[in-house]
Amino acid sequence: MEPALRVDVVHGLDVDPVKIEALNQGRSYIKHIESSAIAEAVKAGTFSASEDFRRIREVEAVIICVPTPLNKNREPDISFIINTGKSIAPHLHKGILIVLESTTYPGTTDEDLRAVLEAGSSLKAGTDFHLAFSPEREDPGNPNSKVAAIPKVIGGYTPACLERAKAVYGKAIKTLVPVSSCRAAEATKLFENIFRSVNIALVNELKVVYTAMGIDVWEVIEAAKTKPFGFMPFYPGPGLGGHCIPIDPFYLTWKAREYVQNTRFIELAGEINTAMPEYVVHRVAEALNAQRKAINGSRVLIVGLAYKADVDDDRESPSYVLMNLLQQRGASVAYYDPYVPVIRPTREHPHWAGTKSVKWDRETVGDFDVVLVATKHASVNYRELADYARCIVDTRNAMSGIPAKPQQVWKA
Ligand SMILES: NC(=O)c1ccc[n+]([C@@H]2O[C@H](COP(=O)([O-])OP(=O)(O)OC[C@H]3O[C@@H](n4cnc5c(N)ncnc54)[C@H](O)[C@@H]3O)[C@@H](O)[C@H]2O)c1
């Protein structure tokens, strides 16, 4: 018989002392998560954070949600999972549940993670401790999306592992979706993200083709989405961003090679989406050319640095690619983003660290040769933009319905 489950106290473990300090002081470091909820839980004694992995001895379940990036050769880097597994293993005890939530290729939980947990603990998964995979599903920037209401897919290493994971998540999540194995759950998450990547690539390709034909792809999407069955709208943009859609599909590509399988849709979608920033820069050149100007020597303002509307997350943002391409062509580049007041140091774009968002007023915005809308934050006033800016290249249809002067707005 399993001991009764208590899920009334949560302890957060991280290797980043800055995050731990913020959480213990009741401060959120993510824009869409309210500080008040954290502060309340800290005050009530139901939540605390630390770097001390010995705390695992006190808990009944551990949920691992660490980064799963690609390395320099665009291959999966599961070192964060492996290192976390190594830190957890010495503190495992009988009956504990370990769930991996990081997006990864099928086999990570029951091969790679299981191996480090068993080696470091001398306990056996499925016999001494429970092991499961349950992908994280989140819709950052959507205020109506609540984690408790998002159905949660769970796969267990054994049927008993699945039951234990269902008991834990059932305390917080309304709808659970059990699947037959950890691998099926891992494959489900990859399918969801590949589906997005492929459909975004399709609409990006149609954008280029329709633009050449003088057809507005945004108008076409609006019309197509009135079909009540068999259609789902996806929207074009300046390229893929965020830490999921540009990265996760390549976890499957890598693993598929082991089975001598190709992932042609994933590769093609990656190719089309990666080419988008070049296309947008080409449209910037056209817009400047119409003013008898070149990119070289022009002043360009990027509006929106975050990879997605209404979030403060600039990881893998195509805005950086646009800024780099424009700068390489001799433009002087600045940005405006109400959610990213200053660019933090990153491994990918160290040369932009410390750059500050410009002010939003007629004098500042009106001084640029061209303004490039890369992200459509709802809090940006696009009517003011039409009023302030000489020339706007719009990758998000942000200027739709706003009166503009001839040749002022260029869709890209
Ligand atoms: N953020 C999302 O919206 C989202 C949605 C779905 C899936 N995911 C997946 O969830 C995973 C995590 O994503 P994220 O955005 O939270 O990443 P993140 O980069 O914010 O990292 C999460 C935390 O892990 C910590 N960490 C790193 N190494 C550690 C270690 N050895 N031990 C303990 N903590 C460690 C980091 O300090 C960080 O606070 C990824 O696999 C991602 O693909 C994220």
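Located above this text is the structure these notes cover.
A.B. asks: Sorry, what's going on with the overall build of the protein here?
C.D. replies: The number of helices and strands found in the protein is twelve helices and twelve strands. In terms of C-alpha radius of gyration, the protein reaches 24 Å, essentially the compact-globule figure of 22 Å for 412 residues. Its C-alpha atoms give the protein principal-axis dimensions of roughly 75 × 50 × 40 Å. A burial count over the protein gives 45% of its 412 residues as buried. Sequence-distant contacts in the protein: of pairs separated by 6 or more residues, those separated by 24 or more amount to 67%. Accessible surface computed for the protein: about 20,900 Å², of which carbon and sulfur atoms make up 55%. Within the protein, the 49 negative side-chain charges are centred at a point lying 2 Å from the centre of the 48 positive side-chain charges.

A.B. asks: Before we go on, may I ask you to explain the sheet that holds strand β11 (residues 392–394) in this structure?
C.D. replies: Pairing between the strands of a sheet comes from backbone hydrogen bonds, and it takes one of two forms, parallel or antiparallel. Ordered in space as β9-β8-β10-β11-β12, the five strands form an open sheet in which the pairing is parallel. Two strands lie at the open edges of the sheet, namely β9 (332–336) and β12 (409–411), each paired on one side alone. Ignoring which end each strand starts from, the neighbouring axes of this sheet average 25° apart. Of the strand pairs in this sheet, strand β8 (residues 299–303) and β9 are connected by five bridges, and their pairing is parallel. Looking at the pairing, Arg-299 lines up with Ser-332 of β9. Packing of helix α10 (residues 318–328) onto the sheet brings it into contact with β8, β9 and β10 (370–373), and relative to β8 it is tilted by some 175°.

A.B. asks: Looking at this structure, I do not really get the site of the ligand. What am I missing?
C.D. replies: In the region of the ligand, 20 residues are neighbours, and Asp-14, Lys-19, Thr-68, Thr-103 and Glu-136 sit closest. Contact between the ligand and Thr-68: an oxygen atom at 2.6 Å from a side-chain N or O atom of the residue. Between the ligand and Thr-84 there is a distance of 3.2 Å, counted from a nitrogen atom to a side-chain nitrogen or oxygen. Here the ligand loses 83% of its free accessible area of 820 Å² to cover by the protein chains. Taken together, the residues of the shell around the ligand sort by class into eight nonpolar, five polar and seven charged.

A.B. asks: What should I look at first to understand the environment of Ile-96 in this one?
C.D. replies: Tracing the sequence through the fold places Ile-96 in the loop between α3 (79–88) and β4 (97–100). Given the relative accessible area of 0%, Ile-96 is considered buried. Leaving out residues up to four positions away in the same chain, Ile-96 has contacts with Ile-56, Val-59, Glu-60, Ala-61, Val-62, Phe-129 and His-130.

A.B. asks: Explain the packing of aromatic side chains to me, please; I cannot follow it from the model alone.
C.D. replies: In this description, an aromatic ring pair is defined by two values, namely the gap between the centres and the angle between the planes. Tallied over the entire structure, the rule returns six aromatic pairs. Between Phe-195 and Phe-234 the ring centres are 5.6 Å apart and the planes differ by 70°, which places this aromatic pair in the edge-to-face class. Here Phe-234 lies in the loop between α7 (217–224) and α8 (249–258) and Phe-195 lies in helix α6 (residues 182–212), a separation of 39 residues in the sequence. What makes Phe-195 partly exposed here is its relative accessible area of 35%. One aromatic cluster is present, built from ring pairs that chain together Tyr-105, Tyr-251 and Trp-254. Against the face of Tyr-339 rests Lys-31, its NZ or CZ located 4.3 Å from the ring centre. Taking NZ or CZ as reference, Arg-299 lies 4.3 Å from the ring centre of Phe-368, over its face.

A.B. asks: Can you help me understand a nonpolar patch on the surface in this one?
C.D. replies: Residues Tyr-29, Ile-30 and Ile-33 make up a contiguous nonpolar surface patch of about 240 Å² in total accessible area. Counting through the fold element by element, Ile-30 comes out in the loop between α1 (17–24) and α2 (35–44).

A.B. asks: I'm lost on the nonpolar core in this one. Help?
C.D. replies: As a rule of thumb, soluble globular proteins bury nonpolar side chains together. By size, the foremost hydrophobic cluster in this structure holds 31 residues, and its most contacted members are Ile-88, Leu-92, Ile-98, Leu-113, Leu-117 and Phe-129. Among the elements that make up this core, the one with the highest residue count is α6 (four residues). Counting 27 residues, the second-largest nonpolar core is a separate cluster that includes Val-333, Val-340, Cys-391 and Ala-412.

Procedures and definitions
- Residues numbered from 1 in each chain as written.
- Predicted model: local features only at pLDDT ≥ 70, side-chain atom pairs only at ≥ 80, totals over all residues.
- Heavy atoms only, no water.
- Helix = DSSP H or I, 4+ residues; strand = E, 2+ residues; numbered from the N terminus.
- Rg over C-alpha atoms; globule rule 2.2 N^0.38 Å.
- Buried < 20%, exposed > 50% of the residue type's maximum accessible area, 1.4 Å probe, protein only.
- Contact = heavy atoms within 4.5 Å.
- Areas by Shrake-Rupley, 256 points an atom, 1.4 Å probe, with all protein chains shown as cover.
- Lys, Arg positive; Asp, Glu negative; His and termini not counted.
- Charge placed at Lys NZ, Arg CZ, Asp CG, Glu CD.
- Pairing = 2+ DSSP bridges.
- Axes fitted to C-alpha atoms, helices over the stretch in contact; angles between N-to-C directions.
- Near = heavy atom within 4 Å.
- Polar contact = N/O pair within 3.5 Å; in protein donor to acceptor, adjacent residues only side chain to side chain.
- Nonpolar A, V, L, I, M, F, W, Y, C, P; charged D, E, K, R; others polar.
- Phe/Tyr/Trp six-rings, centres within 6.5 Å; stacked < 30°, edge-to-face > 60°.
- Lys NZ or Arg CZ within 6 Å of the ring centre and 35° of its normal.
- Patch = residues over 30% accessible without salt bridge, like charges linked within 9 Å, V, L, I, M, F, W, Y side chains within 5 Å.
- Salt bridge = Lys/Arg side-chain N within 4 Å of Asp/Glu carboxyl O.
- Core = buried A, V, L, I, M, F, W, Y, C linked by side-chain atoms within 4.5 Å.

Any link to function would need more than the numbers given here.
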